[in-house]
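Structure at a glance
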Amino acid sequence: MKTLLLLLSILPWQNLLQEAKQHYMNYENDSCAVKVARVKEYCKANPDEEGVLELCADVENVLGALSQAEGQRDSAAVHYGNAYNFVMRMKDRGKAPMYCINLADILRQAGDAPRAAQWLRRALTLSDSLSTHNLDCAINTQLGQVYSDLRNFTVAEKYFEEAEKSCEPGSFDAYFLANARGNACFFNEKYDEAVPFFRRAGEAAQQTGNEFNVRVTELNLGECFLSQHQLDSAATYIDASYDFWSKAEYRDESILTAIRGMKAGLALEKGDIAEA
């Protein structure tokens, strides 16, 4: 009876958190923040029952995503760490590897490669102990990214190859892995090898119906062709990418700045100083 009453009391807050997540998916960050703050107050006011702990972990994960979207990496790392701590107090720790991945991602973005790698290896250990290997592709892909950032492309390739073994074709993981491998080749100045990976990433993004990721791969292809001085191909992708991002409902100024830089570089390659 106690468990049933607890579940009934938590249900409205779970629904409210789902609404907050939907706001986040629609780039309505302010509305998301308001609702997730209400759920967090409920968590703070209630005892550490299993159901409440799960809700608290989920709340912290959403707060981490919000902070990450706003470029507040330190805050995001704290929230993802809190999510991990909550789930490790539960009997069911199935989501622990996912929270490790999220924390590793923000640490990698902040340039803390050693700690990022540490959390990813913890995720692999947890996946083994829990006998849940659905995240192995994502974990190994991120480890490949970490070593690519460190310019250790040999070790990065080993993790990418390991990721390929458990990657489901046409999934987000397939996009993530192909895009990461393309970036590694690009950073290693192997532009001709990067192109097939970016094309594969684009195909996977189309299969998942994620237009954002489709447009990211277009941008990557444009930069690859520009780096190889294939100006017509570069112009096709760069102009299409600029046309999309300049008109998108959700404007990402960092992406637009990058595209403008590429358009300037393209104009310089063509000798059009005024356009550059």
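That block above? That's the structure.
A brief report on the enclosed structure follows.

The rules behind the values
- Residues numbered from 1 in each chain as written.
- Predicted model: local features only at pLDDT ≥ 70, side-chain atom pairs only at ≥ 80, totals over all residues.
- Heavy atoms only, no water.
- Phe/Tyr/Trp six-rings, centres within 6.5 Å; stacked < 30°, edge-to-face > 60°.
- Helix = DSSP H or I, 4+ residues; strand = E, 2+ residues; numbered from the N terminus.
- Buried < 20%, exposed > 50% of the residue type's maximum accessible area, 1.4 Å probe, protein only.
- Lys NZ or Arg CZ within 6 Å of the ring centre and 35° of its normal.
- Disulfide = S-S within 2.5 Å.
- Salt bridge = Lys/Arg side-chain N within 4 Å of Asp/Glu carboxyl O.

Considering the packing of aromatic side chains
As enumerated under the stated definition, the model contains ten aromatic pairs in all. Here the aromatic rings of Phe-172 and Tyr-175 are separated by 5.9 Å at their centres, their planes lie at 40°, and the arrangement is tilted. One end of the pair, Phe-172, and the other, Tyr-175, are both in helix α9 (residues 172-187), three residues apart, so they sit about a helical turn from each other. You can call Phe-172 partly exposed: its relative accessible area is 47%. One Lys or Arg, Arg-122, reaches over the ring of Trp-119 and ends 4.2 Å from the middle of that ring. Over the face of the ring belonging to Tyr-242 we find Lys-263, whose NZ or CZ atom lies 5.3 Å from the ring centre.

Some details on the state of the cysteines
All chains considered together, the criterion is met by zero disulfides. Cys-167 provides the cysteine sulfur closest to Cys-137, a residue in no disulfide bond, and the two sulfurs are 3.6 Å apart. Classification of Cys-137 as buried rests on a relative accessible area of 1%. Residue Cys-167 is classed as buried on the basis of its relative accessible area, which comes to 17%.

Overview of the pattern of salt bridges
Within this structure, the stated rule accounts for 16 salt bridges. Here Lys-44 ties to Glu-41 by a salt bridge, and the two come within 3.7 Å at their closest N and O atoms. On the criterion of helical spacing, the pair formed by Lys-44 and Glu-41 is a turn pair, its members being three residues apart in helix α2 (residues 29-45). The residue Lys-247 makes a salt bridge to Asp-243 at a minimum N-O spacing of 3.0 Å. Of this pair, Lys-247 and Asp-243 both sit in helix α12 (residues 231-247), four residues apart, roughly one helical turn. Taking relative accessible area as the criterion, Lys-247 reaches 64% and is therefore assigned exposed. Look at Asp-243 and you get partly exposed, because its relative accessible area is 40%. Overlapping salt bridges, with partners in common, bring together Glu-157, Glu-161, Glu-164, Arg-181 and Arg-200 in one network.

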